[in-house]
Amino acid sequence: MQEYSVEMRGIVKRFGSVTASDQVDFSANAGEIHALLGENGAGKSTVMSMLSGVYRADEGEILIHGKPAKIRSPKDAAMLGVGMVFQNFRLVQTLTAAENIVLGEKSSFWRGRNWIKSKHKEIEELAERFGLKFPVDRPIWQLSVGEQQRVEIVKTLYRGADIIILDEPTSVLTPGEVEGLFSTLRRMKQEGKTVIMTTHKMKEVMASSDRISVMRKGKMIATLVTKDTDERELARLMVGREVVIERQEREATEGEELLAVKNLSVDADHGRKALDGLSLTVCKGEIVGVAGVAGNGQKELAEVLTGLRTWRTGEIVFDGAPVKTASVRGAIDSGISHVPENRMKSGLAGKLGSVDNLLFKSYRSEEHSKFGFLKAAKNRSWSEELVRKFDVKTPELDTPVQHLSGGNQQKLLFAREVTHQPKLMVAVHPTQGLDVGATAGVHELLMELRASGSGVLLISEDLDELLQLSDRILVIYNGAIIGEETHETADRESIGLMMAGIRSREESLV
Amino acid sequence: MDFVTQLLIAAISAGTPLLLATLGGILNERAGIIQLGAEGLMLMGAVTTCVVFLRTGNLGVALLATLGVTALLGLIHAFLSITLRANQTMSGLAMTLFGSGLSAYLGKSISGNPLPSSLPRLDLSFLKPIPVIGDIFGNLDVLTWFSIVLVVVLHLLIHRTSWGLHLRAVGDSPATADVMGVHVRLIRYGYVTVGAMLIGLGGADMVLTVAPTWNEGLTGGRGWIAVGLVIFARWNPVRALLCAYFFGALDSLGFRMQLLGSAIPPYFLKMIPYIVTILVLMYLGYRNRNKPSGTPESLGVPYVREQRF
């Protein structure tokens, strides 16, 4: 019998009453790329976290190279040659890339210039061997997300890992960067390393892996050989039913112009230019998608439109009237609603219940308060109705919303933002972290808004989502719109190139 | 000696207790633990030094006792905020109130008794011929030299050694440090304890040089100034030296103007350091508005390993 480099048997992990991993068996070979596929919350990350020592399994055993292993901490895992590249990177932002990589190294107390220089060289050579490139001497906060991921990968290699786990590695990358990552993974495989990658993206699994294990709701469903399967089968295994992903068909609309932004320039938090002469328009009854890799000005664009950030130069005309100053109150009153990027940070107050969270934007109105006193009973029944209408599953109205699942939090947020018939909806990554069912719900809500004549500015990194929903797709790069495609002409490839800053196909050939 | 040289000497003298306490605070907070107990620790350091010095007549024993007592207090703060994950602000304030009360009680019997001797001085007479430098550095006491050397040592420790790298990582992102095999709790315990000892030494220096006798509430809020200087210096030992001496200069400037018979009421002169501090903070805040603040990112956040994100 062949000996696996990693074998997990009957792994159980519970968080309170939730069983995140239920009798999971998993195995991977040296010299293979093994994909662990599943929806968000299926338990992939939990299982991998147990392999890398972040969590301890409640039951079950783990064998590394055929020997039973006790992995009680990340340190134990590292000793056994297991390294993990986390989804939210484990990097110290203020340290340089090289400092992050050598962190934890016990040798050499004194670290003068020569030591640092020799380490820089060593790290650069190692990175090059696997086709990775990043500035070793710059602090992490100055690096792009793609570069940060490369630092993480080199970190595990530097520490001598031969079993490398990548948790959702492609979620933050451009299509071009994804290709680069896959070629790095193939080089690792050639060197005989065990590569395990968790993801929920079937296309990438098909393109990169040798074998695929599918998880659903904490259980291991199947392990397949990639070349013997197809996306349809994977989707069925992953979701438990057939899903069809297709473009949402729609009637073309000829709505009048709702929002016009001209030559907008905005400073970012550290004085850098975040938006640099950006122009765009949104019409009534139109979904305008903004594609781009994170950090190209999307956050600032959304903040300016919702009154959270002032701009330096440029014009904003909303609903026929010029907007003079940034004001959140002004934005709310003029009918702009906002689904922020991080719903638990700036969308909802986690420790408060549904009623309070629903009231945040409308408590001032006659309907909800009088002389500064809230109409408690009325607000409660109003909230009950909204919760029912938007199908938010919450044990009680007063349950702190941080205890709801991501999908239900997002529904609650949408309930608040949609209920007052906004003229413009600014939605930033509205389906991030949601499973297929909840994502479909959010998409439906956005299409309903469109049908009712509202404009939608949809800022997302998920190309499939943008292609499904948008009437027009704009590509943002370095704070400006560098390309536009319509619903009919848009395709993954051209948008992917523009996201990497390449304006057209001709240019990329040069 | 001209006025400026005299002021510089006074600045170093008044600034050294602050410098020691600020360095202690920097170590604490670089490791990610807020230290608001400085005032209490300084008082405890001062009173321990006085009591033991008067009893034994031996300065070395007195200083060792001071280090021991404040290390114990530091360990209590560490236990509360690291192991029990108590609120660090509350634990620090408790330390200050506890230290103020206990030091008043312990010092009651010796209040006003002059200490047998002051700190020994290093006579560097070969510096004497150099103008200004010779006057300033020719005759400093041992604790002052210790604090100056400590600034250099800590600067190198933080930026040039593996320990420093671990310290910075633990304060900024303990989860990352943990995954990389750095012993987060041990490091935090260590720096909180050593930090408390340095703050206590600041109190000892205060009583030995500035006011050579114990009085209740002797530090007069300098522990709180040190808490502010940690932020002022943006957690950097070299800047801590400049800030502490700057504050020391202002402190003694008010005193000197009073001696010269200035028409300004003494209460206003005593306010000078604080007013200037506010002004300088405003200016620096404006100038550095686009820079990262330098605050250790996980300052005040207890670290728990097994946590669901």
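Chain B has the name Simple sugar transport system permease protein in an unreviewed UniProt entry, where Paenibacillus forsythiae is given as its organism. In the Subcellular location (unreviewed entry) part of its UniProt record, chain B is described as follows: "Cell membrane".

As recorded in an unreviewed UniProt entry, chain A goes by Simple sugar transport system ATP-binding protein and comes from Paenibacillus forsythiae.

Even after reading the chapter, I still don't get the overall build of chain B, so can you show me in this structure?
Scanning chain B for helices and strands turns up 12 helices and 0 strands. In sequence order, the secondary structure elements of chain B are arranged as α-α-α-α-α-α-α-α-α-α-α-α. In terms of overall dimensions, chain B is globule-like: its C-alpha atoms have a radius of gyration of 20 Å, near the 19 Å expected for 309 residues. For chain B, the spread of C-alpha atoms along the principal axes amounts to about 65 × 50 × 40 Å.

Can you walk me through the sheet that holds strand β6 (residues 82–85) of chain A in this structure?
Sheet strands pair via backbone hydrogen bonds, and the direction of the pair is either parallel or antiparallel. Residues and elements named next belong to chain A. Taken together, 6 strands build an open sheet; the order of strands is β6-β7-β8-β3-β9-β10 and the sheet is mixed. Strands with a single pairing partner mark the edges of an open sheet, and in this sheet they are β6 and β10 (219–225). Strand-to-strand twist across the sheet, computed as the mean angle between neighbouring axes with direction ignored, equals 20°. Where strand β3 (residues 33–37) lies against strand β9 (residues 211–216), 4 bridges are found, and the strand directions are parallel. Its bridge partner being in β9, His-34 is matched across the sheet by Arg-211. Here helix α5 (residues 145–158) sits on the sheet and contacts β6 and β7 (163–167); the angle it forms with β6, its principal contact strand, is near 175°.

Explain the sheet that holds strand β4 (residues 59–64) of chain A to me, please; I cannot follow it from the model alone.
All names here are of chain A. Spatially, the 4 strands line up as an open sheet ordered β2-β1-β4-β5, and their pairing is antiparallel. Two strands in the sheet have a free side with no partner beyond their single neighbour: β2 (18–28) and β5 (67–69). Adjacent strand axes in the sheet meet at a mean angle of 30°, parallel and antiparallel pairs treated alike. As paired elements, strand β1 (residues 6–15) and β2 share 7 bridges and run antiparallel to each other.

What should I look at first to understand the environment of Thr-89 of chain B in this one?
Residue and element names in this part refer to chain B. In this fold, Thr-89 is placed in helix α4 (residues 88–107). Overall, Thr-89 belongs to the partly exposed group, its relative accessible area being 34%. Residues Thr-89 and Gly-300, 211 residues apart in the sequence, show an inter-C-alpha distance of 8.0 Å.

Conventions adopted
Residues numbered from 1 in each chain as written. Chains lettered and ligands numbered in written order. Predicted model: local features only at pLDDT ≥ 70, side-chain atom pairs only at ≥ 80, totals over all residues. Heavy atoms only, no water. UniProt positions renumbered as here; feature names shortened; annotations may be inferred. Helix = DSSP H or I, 4+ residues; strand = E, 2+ residues; numbered from the N terminus. Rg over C-alpha atoms; globule rule 2.2 N^0.38 Å. Pairing = 2+ DSSP bridges. Axes fitted to C-alpha atoms, helices over the stretch in contact; angles between N-to-C directions. Contact = heavy atoms within 4.5 Å. Buried < 20%, exposed > 50% of the residue type's maximum accessible area, 1.4 Å probe, protein only.

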